[in-house]
Amino acid sequence: MNRRKFMASYIKTTLLYFLGFFPCFIFSQEFEIQGVVTNIENQALPGVTISIKGTNQGTLTNLDGRYSIKTFTGNVLVFSYMGMTTEEKEVKDQANLNITLKEDPQSLDEVVVTFKEALVEIDKGKLTFNLKNSVLTTGQTALDMLKKLPGVSVGQNDNILFRGASGINVMIDGKMTYLSGSQLSNLLKGMSAEDINKIELITSPTAEFDAAGNSGIINIIPIKNLKKGYAVDLRSAVSKGKYWMTNENISASLRTKKINLYGSFDYNTPHRFTQNNSENTINEEGNTFRLNRENEKTYKIKYYTWRLGTDWQFLPKHNIGISYHGYLDNFKSFNYSKVNKIDNSGELQSYILSENNIIEPYHYDAISMRYTFDIDSLGKKITADANYTSYRNYSDGLLTTDSYDANQNKQNTQVLKSHQPGSVKIFSAQTDADLPFKKYTITTGIKYAEVENDNQYRFDSLQLGNYVEIEDLSNHFKYKERIAAAYLSGSKKINKTTIDAGLRLEYTRAEGYTVKEDLANEWEYTKLFPSLSVGQIINEDNKIDFSISRRINRPSYSDLNPVRWYSDQYFYYSGNPDLIPELAWIYSLTYSLKNKYIFSAIYNQSLNFINRRLSIDDNGTSIKSQSDNFGNRHRFDFTISTPFKLYPFWNILFFSDISYTTYPISELSGEKQLSKWATTLMLQQDISLPNDYKINLSAHWFSSELLGIYSSQPTGYVDFGIKKSFLNKNFVAQFTISDIFNTNRYQAHSLSEIIDYRYNDKPDSRRFGLTLLYHLGGNLVKEKSSKTDEQKRL
């Protein structure tokens, strides 16, 4: 078959294919077929193309040679792989279909089938955003891409919020990070968006997942090489916002029949600049004054990231893998602030000029080991994982504050020096069994995780030329958490209905200790976390999915740590060691029309909702921003995903989220109930032009919404990108403009009567970026039969 014609016939794909069809007019039944594709030596074949004959729908096998595809009885699956014979199998009443491909010495042309993934896929409480082929990743980090996803925002102090709540758990390639706050945001800032394959927002996790995360789970899946042979990618990117930034990356992999080796090194400088204005009222000696702040924050960052790993199939059914991920950064921040003190008549009474410089290098090391035993050819397997992570930071800050009167006469200078070394050590181990049978599937497993957090903080003030420790501010905080878990889940198809049910048991013991006060807090509890998902096929064009799960949001280590992070002498962040866990039930109902128009309704009911509140410090003037429990929170979300095709080369995706949120906050006069409707809109346009040009135009708009005690202001932005491929798609050039009209900003005001704080942050969000990527590859696997050079090309 002519290669060009073959590629053209398969270049299109169905959006959200895995939601399924039910052609009632012929009374056929949908099935999810799973299996493994191997060669005659029982070695897994990654990257095998599985297509449904007569359609442009299909999938690829993963690194373990496994695949999963939804189709109907009577359809024919076609299995094709370069250098192998093509196999066709009719779908019968079966849940597992394993295939063995034989070598085909007569195969002279490489078979390349491209299935175009939709930008957004929705299924059973999971939203998947495919970024691998996105034109908008140049100069962006993983944290930047999260901000662009519907429902995800980043609050002050780099706190990641999903649907207005901080109870979100972040995984990297299916592995828990166990980090939060600034530690998590720094990890994501060091990850280039161009290394991400997809991001999954799992709003209704099943029992296999950790119960942590009331708002859900974010799973960031990196790009992997599935082809045999070697592959080397060289990437160079430069971008310009307030400052010039660069990202240099080299990644390489080698896949043979039994061993897979891979590694990468990345140098990234995601510098940041933010202008901030904020104000609030204070009372001093019976008089009321307004503080007006003008801040400029500069972050100069250099990230060095490296990854190494290997997978070894030492026996036909046994595989072991080990990987290492490390990074260090040279992090420096410079904060310049002016605070005007104004009386009720509008007259300037005094002002301060502050300079807060912080040097905060981070060191991160993570080692993972994984063992897989494939029990039989039906797909049964046992996996065992062990992970160790060490995270260290050494923070040294110098806050200099000059005070002036209304006539610009300098009154005094105060110097505050901080030293805050911290470390987090994480160990986890788990064993899982995946047991598919002909009519049902059983999954079970156990897990143990242990986390230790140690944070020392010392503050010194400059007095008569010498630094003297401030005893009231200096302290030492230790935290240890142990979680043991076991789960059991089952899946079964009954005619047109698919049922997934699971139960997870978690035992938690946590200890927080503040050394100076000899204050210890302990938590010990055992909780059950059930989950249920039911999918019902009504007919060929209509399908409904319902899910329910119970979740927990344990306070993060930074939220429990009572250390203070000063912005200036009038504002600081602090942890709260008295926080208690937040529990939630999540209900989700999804309706699919014609396999592409998706409508979802999600209800989240949380108890002891955790978010930030503002209060006045004991000195009567400084503002303390601290996490606290807010009582019961109710959140309703209604989402719509609708794709359109204007022309064969022009695709449009519209996504919207309409939400209603309500919860109480504490006031001086008692409780106050906050309630608000909010909307998120996204419009994505993908245009394919001749000569392999691709254009993407993306518009985002966010209405006002509740963020703790804040009500945010509407904001939005437009991104543009263009990509061009050369040299048989081995060389790619990509140009991106983020926030074309420079409209993105973060504004909010307090709804509490205790403090009338408001802020207006303007980041350097308009950026221009250019990326050049060159790919080298070739088949290094020694073939048993003679092949031409063309056959060995990747």
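Residues numbered from 1 in each chain as written. Predicted model: local features only at pLDDT ≥ 70, side-chain atom pairs only at ≥ 80, totals over all residues. Heavy atoms only, no water.

Student: Would you take a moment to explain the overall build of the protein for this structure?
Tutor: Helices and strands together make up the secondary structure of the protein, namely 5 helices and 48 strands. Every one of the 794 residues in the protein was classed for burial, and the buried ones make up 51%. Summed over all atoms, the accessible surface of the protein reaches about 34,800 Å², with 55% contributed by carbon and sulfur. (Helix = DSSP H or I, 4+ residues; strand = E, 2+ residues; numbered from the N terminus. Buried < 20%, exposed > 50% of the residue type's maximum accessible area, 1.4 Å probe, protein only. Areas by Shrake-Rupley, 256 points an atom, 1.4 Å probe, with all protein chains shown as cover.)

Student: What am I meant to see in the packing of aromatic side chains here?
Tutor: Geometry of an aromatic ring pair is reported as the spacing of the ring centres plus the angle between the planes. Going through the model one piece at a time under the given rule, you end up with 29 aromatic pairs. Measuring from ring centre to ring centre gives 6.2 Å for F702 and Y717, while their planes differ by 35 degrees; the resulting arrangement is tilted. On the criterion of sequence distance, the pair formed by F702 in strand 41 (residues 693–702) and Y717 in strand 44 (residues 715–726) is long-range, its members being 15 residues apart. Residues F702 and Y717 agree in their burial class; the two are buried. Taking 5.3 Å as the distance between ring centres and 85 degrees as the angle between the ring planes, the aromatic pair formed by Y710 and Y759 counts as edge-to-face. With a gap of 49 residues between them, Y710 in strand 43 (residues 710–712) and Y759 in strand 47 (residues 758–763) connect regions that are remote in the sequence. (Phe/Tyr/Trp six-rings, centres within 6.5 Å; stacked < 30°, edge-to-face > 60°.)

Student: Explain the pattern of salt bridges here, please?
Tutor: Pairing is possible between side chains that carry opposite charge, provided their charged atoms lie close to one another. Enumeration over the complete set of coordinates arrives at 25 salt bridges. Ionic pairing is found between D460 and R458, a salt bridge with its closest N-O pair at 3.0 Å. Given the relative accessible area of 6%, D460 is considered buried. Across the salt bridge formed by K516 and E471, the nearest N and O atoms sit 3.2 Å from each other. In this pair, K516 is assigned in the loop between strand 29 (497–514) and strand 30 (519–539) and E471 in the loop between strand 27 (466–469) and strand 28 (475–494), connecting sequence segments 45 residues apart. The exposure class assigned to E471 is partly exposed, which follows from its relative accessible area of 46%. Each of D210, K447, R504, E506 and R554 takes part in salt bridges that share partners, so that together they form one network. (Salt bridge = Lys/Arg side-chain N within 4 Å of Asp/Glu carboxyl O.)

Student: Can you walk me through the sheet that holds strand 6 (residues 87–90) in this structure?
Tutor: Across a sheet, paired strands are connected by hydrogen bonds in the backbone, their directions being either parallel or antiparallel. Strand order across the open sheet formed by 4 strands is 3-2-5-6, with antiparallel pairing between neighbours. Of all the strands in the sheet, the pair left with one neighbour each is strand 3 (58–60) and strand 6. Neighbour-to-neighbour, the strand axes of the sheet open up by a mean angle of 20 degrees, direction not taken into account. Note: strand 2 (residues 49–52) against strand 5 (residues 76–80), 4 bridges, orientation antiparallel. Bridge pairing links I52 to L77 in strand 5. (Pairing = 2+ DSSP bridges. Axes fitted to C-alpha atoms, helices over the stretch in contact; angles between N-to-C directions.)

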